[in-house]
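Descriptive structure summary
The lines below spell out each chain.
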2 protein chains.
Amino acid sequence: MSDTTVHPILLCGGAGTRLWPVSRKSYPKQFTNMLGDQSLFQASALRLTGPGFAAPVVVTGGDFRFVVTEQLAGVETQAGAILIEPAARNTAPAILAAALHLAAEDPDAAMLVAPSDHVMGDDAGFRDAVRAALPAALEGRIVTFGIRPDRPETGYGWLELEQATEATAPVPLKGFVEKPALAEAQRMLADGRYLWNAGIFLFTAGTLIAAFETHQPAMLAAVRAAVAGAATDLSFTRLDAAAWDVLEDISIDYAVMEKADNLSVLPYGGAWSDLGDWDAILREGNPDERGVVRQGPATALDCDDTLLRSESDALEIVGIGLKDVIAVATPDAVLIADRARSQEVKAAVARLKEKGVPQAETLPRDYRPWGWYESLAVGDRFQVKRIVVTPGAALSLQSHVHRSEHWIVVEGTARVTVDGDVKLVTENQSVYIPLGAVHRMENPGKVPMVLIEVQTGRYLGEDDITRYDDVYARGQGAKG
Amino acid sequence: MSDTTVHPILLCGGAGTRLWPVSRKSYPKQFTNMLGDQSLFQASALRLTGPGFAAPVVVTGGDFRFVVTEQLAGVETQAGAILIEPAARNTAPAILAAALHLAAEDPDAAMLVAPSDHVMGDDAGFRDAVRAALPAALEGRIVTFGIRPDRPETGYGWLELEQATEATAPVPLKGFVEKPALAEAQRMLADGRYLWNAGIFLFTAGTLIAAFETHQPAMLAAVRAAVAGAATDLSFTRLDAAAWDVLEDISIDYAVMEKADNLSVLPYGGAWSDLGDWDAILREGNPDERGVVRQGPATALDCDDTLLRSESDALEIVGIGLKDVIAVATPDAVLIADRARSQEVKAAVARLKEKGVPQAETLPRDYRPWGWYESLAVGDRFQVKRIVVTPGAALSLQSHVHRSEHWIVVEGTARVTVDGDVKLVTENQSVYIPLGAVHRMENPGKVPMVLIEVQTGRYLGEDDITRYDDVYARGQGAKG
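Residues take numbers from 1 onward in each chain, read along the sequence in its written order. Chain labels run from A onward and ligand labels from 1 onward, assigned in the order the entries are written. It should be noted that, the model being predicted, local features are given only for residues of pLDDT at least 70 and side-chain atom pairs only at 80 or more, the latter also being counted only at that level, while totals for whole chains, interfaces and linings use all residues. The basis for the side-chain values is all heavy atoms of the structure; hydrogens and waters are excluded.

Chain A has the name mannose-1-phosphate guanylyltransferase in an unreviewed UniProt entry, where Jannaschia seohaensis is given as its organism. Within the UniProt record for chain A, the comment given under Catalytic activity (unreviewed entry) is "alpha-D-mannose 1-phosphate + GTP + H(+) = GDP-alpha-D-mannose + diphosphate". Among the UniProt annotations of chain A, the heading Sequence similarities (unreviewed entry) holds the following wording: "Belongs to the mannose-6-phosphate isomerase type 2 family." UniProt positions are given in the numbering used here, feature names are shortened, and annotations may be inferred rather than shown by experiment.

Here it is as structure tokens:
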């Protein structure tokens, strides 16, 4: 018999583009401060803390592993485990991997699976709902959370119950409904037996593994191999790539939920949104009496039902006479869309990618294992970067064939190695790295180290790098 | 008897805000590349060159004097004179000052007065029109240019002729019509006797002075005093501020044109626009078959009758499903407006000014007598700037109480003075300026010098400056 600790499973490997230009492949929505002062991932992690909740198991992609640790540290929490998916394969393999990981310690471990890019209005109420669902889960049910609808939403899948209910404990599920047309959604809203499918589940590891054994035995074997062959890399558990690569890209709903006969639904009446597009941000962003949401430095003159969002304190966005418009400005990309066409942002990003526009997938700020950097200015034969190194981190020992570098420390203290000489460089001190010199930058301190790098040379590409030693095991010519 | 050389008078003291965020008080529309590769001012200067045209007399404000010289140099031309208005007083005093300046040499000098923020499609055709107007001007007429209308424009004043004409030589003027309502504009367009008032005039200096003598004798006396008391400052003629300050803010139309009885009109059939608002940019910007104008990196998905403009190669603007929208993005401000509300941009700028938003009036790039700078990054105790110094220019000899500076030259060569030591610093070399050191930066070379400055200190305001010597005669605590 398990104790009743619930293990949160936070899924954050997704790379949605519908909230471009804020969400990009290189830094997707769940890690952005889409609403409020925390990222959606941080808010999701904090939502499932406190008595009865274990440290979360995070499932993410390799590119995001340091973002995960940095963001968890930013809200003073840490993961029970961070599982690295060798490639994105949708929710079924990710959730199964988490179940197998937990089952190795305790097959009866209760798992609360939640996307990390949704918002909920009432964290305590949601924790209460999880506790209300727990007995059924411990009895072997797969409990899925159904949100009581307040509008005929066509962007969500729905859950059908046997009968309308005011219950706040699990009830039987009759069936799944795919994203409906508007008339169907209106009918379901009026009917009262239908809830939104939030993609949130509670079950024991053993229950889920048994469901895969019945419905997806081949997938179970492959994921079992990927977990068994996992390697430990710093604080990360890297699932085995060879086993993982053969997996089908498939959601948990298709893989097992729609086939299983032990499903229950926990009706949940609190606020919830999947923030699936900018229209959802406008809806959830606390619109004023004219339906206008202003986020960041924004000025609206005679606008209605419009989102004006700026991602930078130094970027003012102004709307005049707009109606049903989404306008989102970042320092390198601006989106303006008819509100009714919010779903087409995904197509716009695909178009930009075809055109070779870097803003389609990447941000000016490039996150690396040791921190991040951004380019401040680029000239014909020079580039200026701001480099931020997290405490204790180190860049690789490296040299460049085509460029020299001036480093000026402006915050914190760096330990700098140049051709074997090691010295501390602190605020308002500078170092010159001649072309060809073998050098390394580290932050030996307790606070982030900020450095301005001025590169000069004929060729300034990131691939002009020869690595001699790297704590993050990256190769020649690989980035940063 | 004068020879028939025409002296172009370029008015560029205006500071229109209807084309914000590209046009700002600190760098108004006429100096921006609103359409094409040259600024409107540069195009205006080049339009009036060649046989029969003297070097232009430019009338501008003190803040723009170095922009004028730099932009003229950029198109390899120079001014005959640059008159500096001590304060903006609209067109009447500016034009009269230019007339008095020319009359000192030749009272019969022919003057072609033109705003420097308009576009014309056919420069050679316009020069032909000026030549066609010249005999009447030399006979003592005030010739105003009337544009043949192609739409019922309510944003312009109109000119009424005695009768409809196909003439391309001056004809008599019957009267002025203020900006009309739409029905009135439609009537005038159909009538055939009405032209748009372009604010372009040809007359001799003596003719204009005589008109002021008759209709504005007090203004004539004051402007005469301002011209008589003008001081020479480098290549500029600074009108006397005490005399100038008492002048009324009044247009040439109100001051004399509407009162004079010696007016003729030169009907002009070529393309012309005053680029009075963003709607005009959309109209003049060569719209595609759906009425969309894309300027800079811009992507339109299923848009109609929409302007998508980005001011930076590093800033992608994307529109989805828009109709009749103006969207203009700069690195520090974004405007999105209903096309029909283009005129309200002025009100939006006023609102921003009330809110204390710096983008209302200033640009990130700050133009100075010696070149320009922009802030690349600002932290709690540091700032990074890009500084560009024009060949031969020098910053003041100065010191700071609160900050140290690291200078890295990335293009060209600097002559640097630090506490009396003078040395040349070239590409990929750096200099450290300790707090309190008396220092100066000059560009002794033939190409622009680009320098990255990293400031560190508790207070980084532009007013932390003690000046010891300045070729541009600026005082303590004044900027740059």
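Here the narrative resumes.
Turning our attention to the packing of aromatic side chains. Residue and element names in this part refer to chain B. Any two rings among Phe, Tyr and Trp, with Trp reduced to its six-membered ring, count as a pair given centres within 6.5 Å; such a pair is stacked if its planes are under 30 degrees apart, edge-to-face if over 60, and tilted if neither. Throughout the structure, instances matching the rule amount to 24 aromatic pairs over all chains. Consider the rings of Tyr-156 and Trp-196, whose centres lie 5.0 Å apart with planes at 70°: the pair is edge-to-face. With Tyr-156 in the loop between strand S6 (142-147) and strand S7 (158-161) and Trp-196 in strand S9 (residues 194-204), this residue pair connects regions lying 40 residues apart in the sequence. Residue Trp-196 is classed as buried on the basis of its relative accessible area of 2%. Considering the side-chain rings of Trp-196 and Trp-272, the 6.3 Å spacing of their centres and the 50° angle between planes classify their relative orientation as tilted. Of this pair, Trp-196 sits in strand S9 while Trp-272 sits in strand S13 (residues 272-273), and the two are 76 residues apart along the sequence. A single burial state applies to Trp-196 and to Trp-272, both of which are buried. Helix and strand definitions follow DSSP, with helices as H or I runs of at least four residues and strands as E runs of at least two, each counted in order from the N terminus. Only protein chains enter the accessibility calculation, which uses a 1.4 Å probe; a residue whose area is less than 20% of its type maximum is buried, one above 50% is exposed, and one in between is partly exposed.

Our focus in this paragraph is the pairing of strand S19 (residues 333-338) of chain A. Across the six residues that make up S19(A), a large majority, five, are buried. We call two strands paired when DSSP finds no fewer than two bridges between them. With five bridges joining them, strand S18 (residues 325-329) of chain A and S19(A) adopt antiparallel strand pairing. When the sheet's bridge partners are listed, A:Ile326 is paired in S19(A) with A:Ala337. In this antiparallel pair of consecutive strands, S18(A) and S19(A), the connection spans three residues. Two strands pair when backbone bridges link them, and S19(A) and strand S17 (residues 316-320) of chain B are joined in this way by five bridges, in the parallel orientation. Within S17(B), the residue paired with A:Leu335 across the bridge is B:Val318.

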